[in-house]
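Next come the chains, spelled out residue by residue.
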Amino acid sequence: MAGGLVALLDDVAVLARAAAASIDDIGAGAAKAGAKAAGVVVDDAAVTPQYVRSLAAERELPIIKRIALGSLRNKFFIILPAMLLLSQFVPWLLTPILMLGGAYLCYEGAEKVWAKISHHDAHGAGEEEVQDETTLVSGAVRTDLILSAEIMVISLNEVINEAFWSRLAILAVVAVVITVMVYGVVALIVKMDDAGLRLSQRSGAVATFGRGLVRAMPVVLTVLTVVGTAAMLWVGGHILLLGTNELNLRFLYEAVHHVEVAAHDATGALGGLVGWLVNTVASAILGLIVGALVVLVMTLTLHRRKSKPAAVTAAATTRTDATIPAQPSRAAQRRDDPADRAPRG
């Protein structure tokens, strides 16, 4: 009896150690997968506050909560099943899909750079049109679907060699952690100025700190946008670099790798950091070139087609205004009426 109990306890201990090891593996896999998606995560956190900028302060957090729930639905009911099916039955499609996501990242990053140069807001943040909350949330969730798909594909590519259930668990952890992290940061950013205003109404050091928070908000948003843009170009370019290598178009990857190794060998103790910087800069340059080409194609095709109806409407309005004479006022009509000019009495 005692021997059986000891054996049972040993079995429980073995199972506990196996479960702990499995949890550690899932945690490590989730951390590895999430790190690769950092560029998209930063961009997601930079874009989302723009959706609540025209709302009353008391509606900001409820709207962010609704967008976060929509993001979780995107990840668990649309993206995760699709990614798992692809990885299980047609894994060769993942590299082209990942490269499409990388090209989109490059496009978004290059568009932001062009918007900064041309002083045009790529995301239309300057529009102050007030939308109803349902329309606003729907638009934000649609944008999140694209960004979340990129995050999940990048994450899946890092754990593609894991077993099916391990992939499922790792991607589920990534989905929850990244959603909580992104929208938690968004909530903090959105409410930072409100908290600063409340603190500034107090006295002493607390008021000074509150005023500092209010002044820091524009700087925080600017830094977040710059970092997000740089990260998108780097991550997108790196995805394309690795993808071309996996598709046996190795000349770009080999050229960058050759320069990276040369820089590593030439800088001694700093070789690891310098080599990483070389790879990162080369990936960002590739991302900027590809993104600029996509922006050019989009400008010459899709954007031009969208602008034609507006131009035709404006021209028609101009012709109509030019051909239809303006109606005289009632006072002028009375002055021109012969009955009014006839002598009275």
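Chemist: Give me the overall build of the protein chain: which residues, what numbers.
Modeler: Along the backbone of the protein chain there are 12 helices and zero strands. The secondary structure elements of the protein chain, listed N-terminal to C-terminal, are α-α-α-α-α-α-α-α-α-α-α-α. The buried share of the protein chain, taken over its 345 residues, is 32%. Sequence-distant contacts, at least 24 apart, represent 79% of the contacts inside the protein chain between residues at least 6 apart. Of the roughly 20,600 Å² of accessible surface on the protein chain, a fraction of 68% belongs to carbon and sulfur atoms.

Chemist: Before we move on, can you summarise the packing of aromatic side chains with the specific residues and values?
Modeler: With the rule as written, the count across this model stands at three aromatic pairs. Their ring planes at 45° and their centres at 6.2 Å tell us that Tyr104 and Tyr107 sit as a pair that is tilted. Residue Tyr104 and its partner Tyr107 are both found in helix H4 (residues 94-118); the two are separated by three residues, about one turn of the helix. The class for Tyr107 is buried, based on a relative accessible area of 10%.

Chemist: Describe unusual backbone geometry, with residues and values.
Modeler: Of note, Asn248 is a non-glycine position whose phi angle comes to about 65°, a positive value. Assignment of secondary structure puts Asn248 in the loop between helix H7 (205-246) and helix H8 (251-266). Its relative accessible area of 52% is what places Asn248 among the exposed residues.

Chemist: Can you break down the environment of Lys191 residue by residue, with the values?
Modeler: The residue Lys191 is located in helix H6 (residues 164-200) in this model. Judged by its relative accessible area of 21%, Lys191 falls in the partly exposed class. Note: C-alpha distance between Lys191 and Ala57 (134 residues apart in sequence) is 8.2 Å.

Chemist: Residues and numbers for the pattern of salt bridges, please.
Modeler: Pairs can form between side chains of opposite charge once their charged atoms are near each other. The full count for this structure, using the stated rule, is two salt bridges. The salt bridge partner of Glu60 is Lys191, with a shortest N-O separation of 3.3 Å. Of this pair, Glu60 sits in helix H3 (residues 57-89) while Lys191 sits in helix H6, placing them 131 residues apart in sequence. Owing to a relative accessible area of 10%, Glu60 belongs among the buried residues under this scheme. Put simply, Lys191 and Asp194 hold a salt bridge, and the shortest N to O gap is 2.9 Å. Taken together, the residues span about one helical turn, with Lys191 and Asp194 both in helix H6 at a distance of three residues. Salt bridges sharing partners connect three or more residues here, namely Glu60, Lys191 and Asp194.

Reading guide: rules and limits
- Residues numbered from 1 in each chain as written.
- Predicted model: local features only at pLDDT ≥ 70, side-chain atom pairs only at ≥ 80, totals over all residues.
- Heavy atoms only, no water.
- Helix = DSSP H or I, 4+ residues; strand = E, 2+ residues; numbered from the N terminus.
- Buried < 20%, exposed > 50% of the residue type's maximum accessible area, 1.4 Å probe, protein only.
- Contact = heavy atoms within 4.5 Å.
- Areas by Shrake-Rupley, 256 points an atom, 1.4 Å probe, with all protein chains shown as cover.
- Phe/Tyr/Trp six-rings, centres within 6.5 Å; stacked < 30°, edge-to-face > 60°.
- Salt bridge = Lys/Arg side-chain N within 4 Å of Asp/Glu carboxyl O.

Without other data, these values stay purely geometric and don't point to any function.
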